[in-house]
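Given next are the chains, with one letter for each unit.
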Amino acid sequence: MQKTMKRYFPLFVLPTLAAFTIAFLYPFIIGIYLSFTEFTTVKDADWVGISNYKKIFMDQNFVNALVFTVKFTVVSVVTINLFGFLLAYILTRGIKGTNLFRTVFFMPNLIGGIVLGYIWQLLLNGILARFGVTLSFDAKYGFWGLVILMNWQLIGYMMIIYIAGLQNVPGELIEAAKIDGAGRFQILGKIMVPMVMPSFTICLFLTLTNSFKLFDQNLALTAGGPGRQTSMLALDIYSTFYGRVGWEGVGQAKATVFFLMVALISLTQLFLTRRKEVES
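Scope of this entry: the structure provided in the associated data block. (Residues numbered from 1 in each chain as written. Predicted model: local features only at pLDDT ≥ 70, side-chain atom pairs only at ≥ 80, totals over all residues. Heavy atoms only, no water.)

## Notes on the pattern of salt bridges
The tally for this structure, following the rule as stated, stands at four salt bridges. Close ionic contact of Arg244 with Asp59 constitutes a salt bridge, the shortest N to O distance being 3.5 Å. Taken as a pair, Arg244 in the loop between helix H11 (233-243) and helix H12 (248-279) and Asp59 in the loop between helix H2 (51-56) and helix H3 (60-90) lie far apart in primary sequence, 185 residues in all. Taking the relative accessible area as the measure of exposure, Asp59 reaches 7% and is therefore buried. The salt bridge involving Asp236 is made with Lys254; its shortest N-O contact spans 2.9 Å. Note that Asp236 is positioned in helix H11 and Lys254 in helix H12, a separation of 18 residues in sequence. Using a relative accessible area of 0% as the deciding quantity, one classes Asp236 as buried. Judged by relative accessible area, Lys254 falls into the buried class, the value being 0%. Beyond isolated ion pairs, a larger network of salt bridges with shared partners links Asp59, Arg228, Asp236, Arg244 and Lys254. (Salt bridge = Lys/Arg side-chain N within 4 Å of Asp/Glu carboxyl O. Helix = DSSP H or I, 4+ residues; strand = E, 2+ residues; numbered from the N terminus. Buried < 20%, exposed > 50% of the residue type's maximum accessible area, 1.4 Å probe, protein only.)

And the structure:
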C-alpha cells in the first residue's frame, strides 16, 4: 500500500502544486522583483535597487500606519482572547440555552468585513452624533471604533475554539483537583489554562494575523480619516499603490516589508506558545 502511495503521489499532488505555483508562488516572486523597480505595468519595470525601500521609512504615513497598527493589534489581541475565553468558560458550565448563545455569538463572524464596517459606521456615528462628533472627528474615536468592530466580529469565533479546548480537559483531572481541595480559580489557572494552550496558540495566531492584516473594515469604517491618522498598514499600502502616481514600486516594497513583518511576528508567536504546550 505504501509503495503504491509513493508511486502515485506525484500524480495526485501535481494539480495542487500547479495551482499553488500559479496563484501564489509566481505572483509572490514577481512582487518581490517589482519592489526593486519603478513601474506602471509589469512589462515596463525599470530597476532602481533599494531606493523604494529607502522611501518607505521616509514616508511619515507609513510610520504612522505602523504605530497605529501595532497599538490596534495589541489591544485587539488581548480583548478578543480575554472575552472569547471568558465566554467559552461560561458556556461550558452547563447553563440553559448554551447552544443558542454559541450560535448567536458566532454569527457576526459570518458577515463580510466591508459590510460589517459600514454597519458599524452607521451605528457608531449615530451614537457619537449625540455628542457632536463622528468617527472621523478624532483618531481616538476611529481607533476604538475599529477595536469594537474587531471584537464583535471575532470574539464568537475564538469562543468556539476555546470551547473545543475546554471540553477536551479530562473531567477526572478536575475532580481529582477538587478532592485535593483546589478552588475554582486554582483549577482554572493551574489545570484548565495549561490544558487549553493549543487553543490559545490557534486563537492568538488568528487574532494576531487578522488584526495586522485588517483592511476592508478599516476602509469602510474610517477610510483612514481624519487625515490618514487611522490608516492601518494594509490601507496605507493600498493608498500608496493606487493613490500616488509613480509610487507603485514603493507600494510593492511596503507590501513586501508588511509580509515579512507579519510572517516574523506570527512565527515568533507560534514558537513561544507551542513551547508552553510542551511544558503543559
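Structure shown, so let's carry the discussion forward.
## Topic: the environment of Val250
Note on placement: Val250 falls in helix H12. Residue class for Val250 comes out buried when judged on its relative accessible area of 1%. Considering only alpha carbons, one finds Val250 and Met158, 92 residues apart in sequence, at a separation of 36 Å. If near-sequence neighbours (up to four positions away) are discounted, Val250 is found in contact with Asn52, Lys55, Ile56 and Thr240. (Contact = heavy atoms within 4.5 Å.)

## As for the packing of helix H4 (residues 98-106) against helix H6 (residues 139-167)
It is the contact of H4 with H6, at a shortest axis distance of 7 Å, that shows an interaxial angle of 140°. Taken together, the axes of H4 and H6 are oblique relative to one another. The crossing of H4 and H6 is left-handed. Residues Arg102, Phe105 and Phe106 of H4 lie in contact with H6, whose contacting residues are Gly156, Tyr157, Met159, Ile160, Ile163 and Gln167. A class-by-class count of the residues in the contact of H4 with H6 yields six nonpolar, two polar and one charged. (Axes fitted to C-alpha atoms, helices over the stretch in contact; angles between N-to-C directions. Parallel < 35°, antiparallel > 145°, perpendicular 65-115°, else oblique. Left-handed = near helix turned anticlockwise from the far one by under 90°. Nonpolar A, V, L, I, M, F, W, Y, C, P; charged D, E, K, R; others polar.)

## Points about the nonpolar core
Counting 41 residues, the largest nonpolar core has Phe72, Leu146, Tyr162, Leu166, Met192 and Leu221 as its most contacted members. Among the elements of the structure, H3, helix H5 (113-128), H6, helix H7 (171-179), helix H8 (184-195) and helix H9 (197-212) are those that each provide at least two residues to this core. Take this core: its biggest share by element is 13 residues, from H6. Excluding residues that lie within four positions of it along the chain, Leu166 makes contacts with Phe85, Ala88, Tyr89, Thr92, Met192 and Val196. Counting residues in hydrophobic clusters, the runner-up holds 14 residues, among them Phe62, Leu233, Ile237 and Met261. (Core = buried A, V, L, I, M, F, W, Y, C linked by side-chain atoms within 4.5 Å.)

## Considerations on the side chain of Thr79
One can find Thr79 in helix H3. With residues up to four places along the chain from it excluded, the contact list for Thr79 reads Val147 and Asn151.

## Quick look at unusual backbone geometry
In most cases, non-glycine residues show a negative phi, while peptide bonds are predominantly trans. Residue Gly225 is joined to Pro226 through a cis peptide bond whose omega torsion reads -5°. Along the polypeptide, Pro226 turns up in the loop between helix H10 (216-221) and H11.

## Focus: the packing of aromatic side chains
Under the counting rule described, the total for this entry stands at 20 aromatic pairs. With a centroid separation of 5.6 Å and 85° between ring planes, the pair formed by Phe57 and Phe62 is classed as edge-to-face. By relative accessible area, which is 53% here, Phe57 ends up exposed. Accessibility expressed as a relative area gives 1% for Phe62, which makes it buried. Site record: aromatic cluster; members linked through ring pairs are Phe39, Phe215, Tyr238, Phe241 and Tyr242. Cation over ring: Arg93 sits above Tyr89, and NZ or CZ is 4.5 Å from the ring centre. (Phe/Tyr/Trp six-rings, centres within 6.5 Å; stacked < 30°, edge-to-face > 60°. Lys NZ or Arg CZ within 6 Å of the ring centre and 35° of its normal.)

## Observations regarding a nonpolar patch on the surface
A cluster of nonpolar side chains, contributed by Ile90, Ile95, Leu100, Phe101, Val104 and Phe105, occupies part of the molecular surface with about 520 Å² of accessible area. Relative to the helices and strands, Val104 resides in helix H4. Val104 sits in the partly exposed class, given a relative accessible area of 44%. (Patch = residues over 30% accessible without salt bridge, like charges linked within 9 Å, V, L, I, M, F, W, Y side chains within 5 Å. Areas by Shrake-Rupley, 256 points an atom, 1.4 Å probe, with all protein chains shown as cover.)

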